[in-house]
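Now for the letters of each chain:
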Amino acid sequence: MANVDGIREIAPEEALRRLQAGAVLVDVRGDHERALGMAQGALGVVREQLEAAPAAVVPDPDAEVLLICQSGRRSLLAAQALHARGYRNLASVRGGTTAWAAAGLPMLRPQLDPDFEERYSRHLRLPEVGLQGQQRLAASHVLIIGAGGLGSPAAYYLAAAGVGHLRIADDDVVERSNLQRQILHTDAAIGMAKVDSASARLAALNPRIRMETVRERVTSANIERLLDGIDLVLDGADNFPVRYLLNDACVKLGKPLVYGAVHRFEGQVSVFDAGRARGSLPCYRCLFPEPPAAADAPNCSEAGVLGVLPGVVGMLQATEAIKLLLDIGTPLSGRLLHFDALAMRFRETRLAPDPGCAVCTPGRPFPGYIDYVKFCSG
Ligand SMILES: [Zn+2]
């Protein structure tokens, strides 16, 4: 029996015997850690909470208190803190829950399959994600418009992260000129439908997720069907008509839209969430009420684009998507992030809702879908 600063460290087997003889065993790890399994018979109380009010957990300072964490470090610190508060009969379980489980002692475990636990273990360790967050991702439905430069990295990371349902819409075929940046597709996929190539690669990465491929051009006629049951939309479109259409539909149906765009060496990212927060957050039209003249907005095939640029922007979009799905952090709503790859500089512009916006003004009824191709050709 080791003795560290007056605190005994005992083996898990010894802890179990003492527990059965009436000692109190307290698991001081975070909720997200205990959710994955804890020593049977332990009380779960986060260390900070226990140290702040030990009497609420163990009223008698003479009672025998055993502390356990993951590896034995935090429990030792907690024991020292309780010692300072007048508790005298303390011990810390050496090796923590890891050693307890390895010794084959009884555990209280959720019914998780080993693939889930191992695949997402680095998420499960983050208190901000944890088991609850990971299950939330698994239940999420994301629509990705375009399996191209932005959609490729975004879909890859959303699939890897365990977003359970991905609906990917694209009507294009893989061309050799795509491969410089559209990393979902391989040389062998040239000539294949992008949605088929994407779905094969994503399934190879994470067979747990469900994919729905829609080999269609996005139009006013199919947009509401595409958005049906969707929690969030990731815009990987390469043209203005689809961008305006997506914006209008997302405002109408109250879906958050994660926007990204690239041009030569520069990119932009934002989150448009006016549909859920009318009058307080902007939509894409608040920023660009009118589409640019065609000459001012050439697409990648005309102007060229640095291959890694959509990678950076698409992954920023994926990051925002995951944050929104988990409801963590500060979303990029109301802010437009510019990225200049040549200068390696990020710049942020505040975006306010336009009180005269044709689509998202509070109280204004939805004006209906328009002929977006005509609208964008001036
Ligand atoms: Zn607006």
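Each remark here, short or long, concerns the structure printed above.
Residues numbered from 1 in each chain as written. Predicted model: local features only at pLDDT ≥ 70, side-chain atom pairs only at ≥ 80, totals over all residues. Heavy atoms only, no water.

A.B. asks: Lay out the coordination of the zinc ion with the relevant residues and their values.
C.D. replies: Of the protein atoms, only Cys-283 (SG), Cys-286 (SG), Cys-357 (SG) and Cys-360 (SG) coordinate the zinc ion, at distances of 2.2 to 2.3 Å. Seen from the zinc ion, its four donor atoms lie at angles of 94 to 120°, and the figure they make is tetrahedral. Along the chain, the residues donating to the zinc ion fall in the pattern C-x2-C-x70-C-x2-C. Like Cys-283, the residue Cys-286 is buried in the burial classification. (Donors = N, O, S within 2.8 Å, 3.2 Å for Na, K, Ca; no water. Tetrahedral: all angles 85-135°; square planar, octahedral: opposite > 155°, others 65-115°. Buried < 20%, exposed > 50% of the residue type's maximum accessible area, 1.4 Å probe, protein only.)

A.B. asks: Can you tell me about the environment of Gly-149, naming the residues and giving the values?
C.D. replies: In this fold, Gly-149 is placed in the loop between strand S9 (141-145) and helix H10 (151-161). For Gly-149, a relative accessible area of 13% gives the class buried. It is 9.8 Å that separates the C-alpha atoms of Gly-149 and Val-305, two residues lying 156 residues apart in sequence. Residue contacts for Gly-149: discarding those within four places in its chain leaves Arg-181, Gln-182, Pro-310 and Gly-311. (Helix = DSSP H or I, 4+ residues; strand = E, 2+ residues; numbered from the N terminus. Contact = heavy atoms within 4.5 Å.)

A.B. asks: Got a sec to walk through helix H9 (residues 130-138)? Specific residues and values, please.
C.D. replies: Residues Gly-130, Leu-131, Gly-133, Gln-134 and Leu-137 constitute the buried set of H9. Along the axis of H9, the buried residues cluster in a sector spanning 165°; they form a single face. Contacts from the buried residues of H9 go to helix H2 (31-34), helix H7 (114-119), helix H8 (121-124), H10 and helix H16 (309-326). (Arc of directions from axis to C-beta.)

A.B. asks: Mind laying out the nonpolar core, listing which residues take part and the relevant values?
C.D. replies: Residues Val-142, Ile-144, Leu-158, Val-163, Leu-166, Leu-202 and Leu-232 are the most contacted members of the largest nonpolar core, which totals 35 residues. Counting only elements with at least two residues in this core, the list comes to S9, H10, strand S10 (165-169), helix H11 (194-205), strand S12 (232-235), strand S14 (266-272) and H16. For this core, the element with the most residues is H16, which contributes seven residues. Non-local contacts of Leu-232, meaning those with residues more than four positions away in its chain, are made with His-141, Val-142, Leu-143, Pro-256, Val-258, Ala-321, Leu-324 and Leu-325. Val-218, Val-242, Tyr-244 and Tyr-259 belong to the second largest nonpolar core, which has 26 residues in total. (Core = buried A, V, L, I, M, F, W, Y, C linked by side-chain atoms within 4.5 Å.)

A.B. asks: Can you explain the side chain of Arg-8? Please cite residues and give values.
C.D. replies: Looking at where Arg-8 falls in the secondary structure, it is placed in strand S2 (residues 7-10). A relative accessible area of 17% means that Arg-8 is categorised as buried. Among the polar contacts listed, one links the side chain of Arg-8 to the backbone oxygen of Leu-90, at a separation of 3.4 Å. (Polar contact = N/O pair within 3.5 Å; in protein donor to acceptor, adjacent residues only side chain to side chain.)

A.B. asks: Explain unusual backbone geometry residue by residue, including any values.
C.D. replies: A negative phi angle characterises most non-glycine residues, just as the trans form characterises most peptide bonds. Backbone geometry places Arg-264, a non-glycine residue, at a positive phi of 55°. Here Arg-264 shows up in the loop between strand S13 (257-263) and S14. Its relative accessible area of 42% is what places Arg-264 among the partly exposed residues. With a phi close to 50°, Met-344 is a non-glycine residue in the positive phi region. With respect to the helices, strands and loops of the structure, Met-344 is situated in the loop between strand S15 (335-340) and strand S16 (345-350).

A.B. asks: Describe the pairing of strand S6 (residues 65-68), and please don't skip the residues or the numbers.
C.D. replies: Burial along S6 is two-sided: the residues Val-65 and Leu-67 and Leu-66 and Ile-68 are all buried. Where strand S3 (residues 24-27) meets S6, four bridges bridge the pair, whose relative direction is parallel. In the strand pairing of S6, Leu-25 is matched with Leu-66. Chirality of the crossover, the property in question, places the unit of S6, helix H5 (residues 73-84) and strand S7 (residues 90-93) among those that are right-handed. (Pairing = 2+ DSSP bridges. Right-handed = clockwise from strand over helix to strand, strands pointing away.)

A.B. asks: Go over the packing of aromatic side chains, please, and point to the residues and values.
C.D. replies: Counting across every chain of the model gives nine aromatic pairs. Here Tyr-244 and Phe-375 contribute two aromatic rings whose centre-to-centre distance is 5.1 Å and whose plane-to-plane angle is 85°, an arrangement assigned as edge-to-face. With Tyr-244 in helix H13 (residues 240-253) and Phe-375 in helix H17 (residues 372-376), the pair connects residues that are 131 residues apart, well separated along the chain. A connected cluster of aromatic rings, assembled from ring pairs, spans Tyr-244, Tyr-259, Phe-272, Tyr-284, Phe-288 and Phe-375. Stacked on the ring of Phe-240, the Lys or Arg Arg-243 has its end atom at 5.3 Å from the ring centre. (Phe/Tyr/Trp six-rings, centres within 6.5 Å; stacked < 30°, edge-to-face > 60°. Lys NZ or Arg CZ within 6 Å of the ring centre and 35° of its normal.)

A.B. asks: Before we move on, could you go through the environment of Leu-324 and cite the residues and values that matter?
C.D. replies: For Leu-324, the position within the fold is in helix H16. For Leu-324, a relative accessible area of 16% gives the class buried. Sequence spacing of Leu-324 and Glu-9 is 315 residues, and the spatial spacing of their C-alpha atoms is 43 Å.

A.B. asks: Describe the packing of H9 against H16, and please don't skip the residues or the numbers.
C.D. replies: In the contact formed by H9 and H16, the axes pass within 9 Å of each other and the chain directions differ by 110°. With respect to their mutual orientation, H9 and H16 come out roughly perpendicular. Judged by the twist between their axes, the crossing of H9 over H16 is right-handed. Packed against H9, whose contacting residues are Gly-133, Arg-136 and Leu-137, the element H16 presents Ile-322, Leu-325 and Leu-326 at the interface. Looking at the contact of H9 with H16, its residues break down into four nonpolar, one polar and one charged. (Axes fitted to C-alpha atoms, helices over the stretch in contact; angles between N-to-C directions. Parallel < 35°, antiparallel > 145°, perpendicular 65-115°, else oblique. Left-handed = near helix turned anticlockwise from the far one by under 90°. Nonpolar A, V, L, I, M, F, W, Y, C, P; charged D, E, K, R; others polar.)

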